[in-house]
Amino acid sequence: MIKFGILGAGHIAHAMAGTIVQMEDVQMYAVASRNLEKAEVYKEQYGMEKAYGSYEELAGDDSVDVIYIATPHSFHYEHAKMCLEYGKHVLCEKAFTANAKQAKELIAISEAKGLFLGEAMWTRFMPLTKKLVQLLEEKVVGDITFMTANLNFPMMHKERLMRPELAGGALLDVGIYPLTMASIVMGDEIGDISATAILTDEGMDKMGQYTIRYKNGTMADLNSGMCSFGDGSAVIYGTLGHILVEGVNCIQGIKVYDSNWNIIEEIRQGEQISGYEYEVEACVRAVEQGKTECPEMTHKQTIKMMELMDEIREKMGVKYPFEK
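Residues numbered from 1 in each chain as written. Predicted model: local features only at pLDDT ≥ 70, side-chain atom pairs only at ≥ 80, totals over all residues. Heavy atoms only, no water.

Asks: Whenever I open this one, the sheet that holds strand β1 (residues 2-7) confuses me. Can you help?
Replies: What holds strands together in a sheet is hydrogen bonding between their backbones, with the strands either parallel or antiparallel. Pairing in this open sheet of 6 strands is parallel, and the strands run β3-β2-β1-β4-β5-β6 from one edge to the other. Edge positions in the open sheet fall to β3 (50-52) and β6 (117-120), since each of these has one partner strand only. Along the sheet, successive strands turn relative to each other by an average axial angle of 25 degrees, direction set aside. By the bridge criterion, 4 bridges tie strand β4 (residues 66-69) to strand β5 (residues 89-93) in an arrangement that is parallel. The partner of I67 across the bridge, within β5, is V90. (Pairing = 2+ DSSP bridges. Helix = DSSP H or I, 4+ residues; strand = E, 2+ residues; numbered from the N terminus. Axes fitted to C-alpha atoms, helices over the stretch in contact; angles between N-to-C directions.)

Asks: Mind showing me how you'd approach the packing of aromatic side chains here?
Replies: Two aromatic rings are characterised by how far apart their centres lie and by the angle between their planes. Applying the stated criterion to the full structure yields 4 aromatic pairs. Geometrically, the ring pair formed by W122 and Y276 is stacked, given 4.3 Å between the ring centres and 10 degrees between the ring planes. Remark: Y276 occurs in the loop between β14 (263-268) and α9 (277-288) and W122 occurs in the loop between β6 and α6 (127-137); sequence separation between them is 154 residues. Both residues of the pair, W122 and Y276, count as buried. Taken together, a centroid distance of 5.6 Å and an interplanar angle of 35 degrees make the contact between F146 and Y237 tilted. Remark: Y237 occurs in strand β11 (residues 233-238) and F146 occurs in strand β7 (residues 144-152); sequence separation between them is 91 residues. What makes F146 partly exposed here is its relative accessible area of 25%. A relative accessible area of 34% places Y237 in the partly exposed class. Here the guanidinium or amino end of R34 rests over the ring plane of F75, the centre of that ring lying 5.8 Å away. (Phe/Tyr/Trp six-rings, centres within 6.5 Å; stacked < 30°, edge-to-face > 60°. Buried < 20%, exposed > 50% of the residue type's maximum accessible area, 1.4 Å probe, protein only. Lys NZ or Arg CZ within 6 Å of the ring centre and 35° of its normal.)

Asks: Before we go on, may I ask you to explain the packing of helix α5 (residues 100-113) against helix α10 (residues 299-316) in this structure?
Replies: For any two helices packed against each other, one specifies the crossing angle of their axes together with the interaxial distance. Two elements in contact, α5 and α10, have axes whose closest approach is 8 Å; the angle formed by their N-to-C orientations is 165 degrees. Taken together, α5 and α10 sit at an angle that is classed as roughly antiparallel. The chirality of how α5 crosses α10 is left-handed. Contacts from A100, A103, K104, I107, S110 and E111 of α5 reach α10 at H299, I303, M306, E307 and D310. In terms of residue class, the contact of α5 with α10 is built from 5 nonpolar, 2 polar and 4 charged. (Parallel < 35°, antiparallel > 145°, perpendicular 65-115°, else oblique. Left-handed = near helix turned anticlockwise from the far one by under 90°. Contact = heavy atoms within 4.5 Å. Nonpolar A, V, L, I, M, F, W, Y, C, P; charged D, E, K, R; others polar.)

Asks: I keep staring at the nonpolar core and nothing clicks. Help me out?
Replies: Ranked by size, the top nonpolar core spans 116 residues in total, and within it F4, M147, L179 and I243 carry the most contacts. Ranked by the residues each element gives to this core, the list is headed by helix α8 (residues 171-186), at 10 residues. (Core = buried A, V, L, I, M, F, W, Y, C linked by side-chain atoms within 4.5 Å.)

Asks: Sorry if this is basic, but what is going on with the sheet that holds strand β10 (residues 219-225) here?
Replies: The mixed open sheet is built from 8 strands, whose spatial order is β8-β9-β10-β7-β11-β12-β13-β14. Across the chains shown, the open sheet's two edge strands, defined by having one partner strand only, are β8 (190-199) and β14. Recorded for the sheet is a direction-independent mean angle of 10 degrees between the axes of neighbouring strands. As defined by bridge partners, β7 adjoins β11 across 5 bridges and the pair is classed as antiparallel. Within β11, the position partnered with F146 by the bridge is Y237.

Asks: In this structure, what is going on with unusual backbone geometry? I would like to understand it.
Replies: For residues besides glycine, phi is generally negative; the peptide bonds are generally trans as well. Cis geometry marks the peptide bond from K94 to A95, where omega comes out at -20 degrees. With respect to the element layout, A95 can be found in the loop between β5 and α5. The backbone phi angle of A167 is positive, close to 55 degrees, even though this residue is not glycine. As for its placement among the helices and strands, A167 is situated in the loop between α7 (159-162) and α8. In this structure, W261 takes a positive phi of about 65 degrees despite not being glycine. With respect to the element layout, W261 can be found in the loop between β13 (253-258) and β14.

Asks: Sorry, what's going on with empty space enclosed by the protein here?
Replies: Think of a ball as big as a water molecule: rolled over the atoms, this probe shows where empty space is left. In total, this model carries 1 cavity of 30 Å³ or more according to the counting rule given. One number sums up the size of the largest cavity: a volume of about 30 Å³. Lining the largest cavity, in full, are L179, A182, S183, G187, D188, I190, I212, Y214 and L308. Looking at the lining of the largest cavity, the elements with two or more residues in it are α8 and β9 (205-214). Examining the composition of the lining of the largest cavity, we find that 3 residues originate from one element, α8, more than from any other. For the lining of the largest cavity, a count of residues per class yields 6 nonpolar, 2 polar and 1 charged. (1 Å grid on protein atoms, 1.4 Å probe; cavity = no way out; pocket = protein on both sides within 12 Å on 5 of 7 lines; lining within 4 Å. Points joined across faces, edges and corners; volume = space filled by probe spheres on them.)

Asks: Teacher, can you tell me more about α10 here?
Replies: For an α-helix, 3.6 residues make a turn, and residues three or four places apart therefore share a direction. End to end, α10 covers 26 Å across 18 residues, agreeing with the expected 26 Å (1.5 Å per residue, within 8%). On its buried side, α10 packs onto α5, β6, α8, β8 and β9. A positive phi of about 85 degrees marks G317, the residue just after α10. (Expected span 1.5 Å × (residues − 1).)

Asks: Sorry, what's going on with the pattern of salt bridges here?
Replies: Where charged atoms from two side chains of opposite charge come close, those side chains can pair. Counted according to the given criterion, the structure contains 15 salt bridges. With a closest N to O distance of 3.8 Å, K215 and E189 form a salt bridge. One end of the pair, K215, is in the loop between β9 and β10; the other, E189, is in the loop between α8 and β8, and 26 residues separate them in sequence. E189 carries the same exposure label as K215, and that label is exposed. Of the charged contacts, one joins E266 and R268 as a salt bridge, the two residues approaching to 4.0 Å between their closest N and O atoms. For E266, a relative accessible area of 43% gives the class partly exposed. Relative accessible area serves as the criterion here: at 45%, R268 is assigned to the partly exposed category. Each of E246, K255, E266 and R268 takes part in one network of salt bridges that share partners. (Salt bridge = Lys/Arg side-chain N within 4 Å of Asp/Glu carboxyl O.)

Below is the structure:
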């Protein structure tokens, strides 16, 4: 049985721990926080065997097979690197790192050591994502020409998103989801990108607009932000109709419309634990098969997304101090 450890004890760690304890063939074994008392609370709540007051102790536990990194993305590089150097397989929360340079370094380490390293971009692993891809391949709404997608939440109160040294701003936190949906739907053969943003006083993007033109003559219009609510949907326009995707980050439903705006197919997400179980299952399969990546979210795809966000940040005028 694969034993998981969670590095970090914030909100996303709760979601993952609560998921793993309900799964078979995987054990929620340990948690680490810089605050031992906080880790102990997690241990008791989820019936774990170990709680650690430092991340290094978790990485050094010989019983741990996979470490899920649940710290803010500004720390992903150093935490993932440490875990890999301890010989651990790693499932790292999105955004994978702060930039493509960091991502490439981590992937090089994992491949050299033969260790699994995956980005926990849960959208890529979900059943409805696979259904959406099937609908597109079957051309139920004809040839796709254009799409929109957005994800916005009021998060200006979150200190980490306001601080440049913590890779703040909306792009890496929520903008990655519309960009991922565009990658799933439109592919990655990008011609050019335009991007604009409203920046905070600290120079972080609080609202961003990204327009991607693809080499095949199609286009995606995307936005994200941290100062208002959005509907979090995607609309995919084809020559014979359109598709509405409800939940650009966690797909809850898909509605297919014909050219007369009639719904010709509607699919809803069935019962599930949380949606995180699919990435865990994929991670476990890869580890058991001795693979260093998941086919659902390859290293190549992770690098592409980080390079894309690097380019968008450059166009928006957002730079982190540690990149100078």
